[in-house]
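Each chain, letter by letter, is given below.
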Amino acid sequence: MHDILGGSSPTARPITGLLGNIYNGQVPFAKQIGFVPPENGVAIPNANGAMPTVNGINGIPLGTGLSGTAFSGQNLNGIQTQLGPDGLSLGFGTITVIDDIITSGPDLGSQPLGKAQGVYVASSADGSTQMMAFTAMLEGGEYNDNLNFYGIYRIGSAMSHLSVTGGTGRFKNACGFAEVRPLIPSGQHFVDGAEMLLRIIVHLKY
């Protein structure tokens, strides 16, 4: 599953919360895909003294999306968590809507299998988890084959688990769980946004 924020072909967009406002250019000095101070401007520190930071390539604010410790601002790699005046992470409560592409392999240009449509919500005070709820709509099925997923994705974790809450078509009455692992994008397909690549292995019973 390819989750892409920003760039010319995004598949995800934060729509609420402080990071959603920054991403959409609704705060002073913001650009459409991220907070970047004006030339020769001075960034204002957060409540905990950390400087607000963005991905230097595409300007997407840290803490946005499923991107792991490179973008989340966590302490896992010595990066100070960005906190708001209330002591919560800047991303807390941000809702991101997705229309992600599902492919058979890690390259974005590999065989498409369908789309994952739904939302994920920054659900922990420290910005380390996202609550995910989405439907995987598989192409080529004769009976509108869909699978529904719900659960917590742990940013920076080697593996997270989501529940399979049902489905349609040949997956009618399905239940089970999915193993979700972050992967490094293959680099075979150029993406000018921030791409998070997830490998999803589904275990089902009927």
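Just so it is clear, the structure is predicted and the values come from calculations on it, not from any experiment.

Rules of the game
Residues numbered from 1 in each chain as written. Predicted model: local features only at pLDDT ≥ 70, side-chain atom pairs only at ≥ 80, totals over all residues. Heavy atoms only, no water. Helix = DSSP H or I, 4+ residues; strand = E, 2+ residues; numbered from the N terminus. Buried < 20%, exposed > 50% of the residue type's maximum accessible area, 1.4 Å probe, protein only. Core = buried A, V, L, I, M, F, W, Y, C linked by side-chain atoms within 4.5 Å. Pairing = 2+ DSSP bridges. Salt bridge = Lys/Arg side-chain N within 4 Å of Asp/Glu carboxyl O.

Participant: Give a detailed account of unusual backbone geometry, specifying residues and quantitative values.
Facilitator: Backbone geometry at N173 places phi at a positive 65 degrees, although glycine is not the residue there. As for its position among the elements, N173 is in the loop between strand 9 (160-168) and strand 10 (175-183). Here N173 falls in the exposed class, since its relative accessible area comes to 61%.

Participant: Talk me through the nonpolar core; I want residue IDs and the actual numbers.
Facilitator: One finds M132, F134, F149 and Y153 to be the most contacted residues of the largest nonpolar core, which totals 23 residues. Those elements giving two or more residues to this core turn out to be strand 5 (95-103), strand 6 (112-122), strand 7 (129-138), strand 8 (146-154), strand 9, strand 10 and strand 11 (194-205).

Participant: Tell me about the pairing of strand 1 (residues 2-5), and please be specific about residues and values.
Facilitator: Along strand 1, one buried face is formed by H2 and I4 and the opposite face, lined by D3 and L5, is buried too. One ladder, built from four bridges, connects strand 1 with strand 11; its direction is antiparallel. The residue of strand 11 that forms the bridge with H2 is L197.

Participant: Tell me about the pattern of salt bridges, residues and numbers included.
Facilitator: Considering all chains together, one arrives at three salt bridges under this definition. Among the salt bridges present, the one from K115 reaches D99, with a minimum N-O distance of 3.4 Å. One end of the pair, K115, is in strand 6; the other, D99, is in strand 5, with 16 residues separating them in the sequence. K115 gets classed as partly exposed once you look at its relative accessible area, which sits at 30%. With a shortest N-O distance of 3.1 Å, R170 and D145 are connected by a salt bridge.

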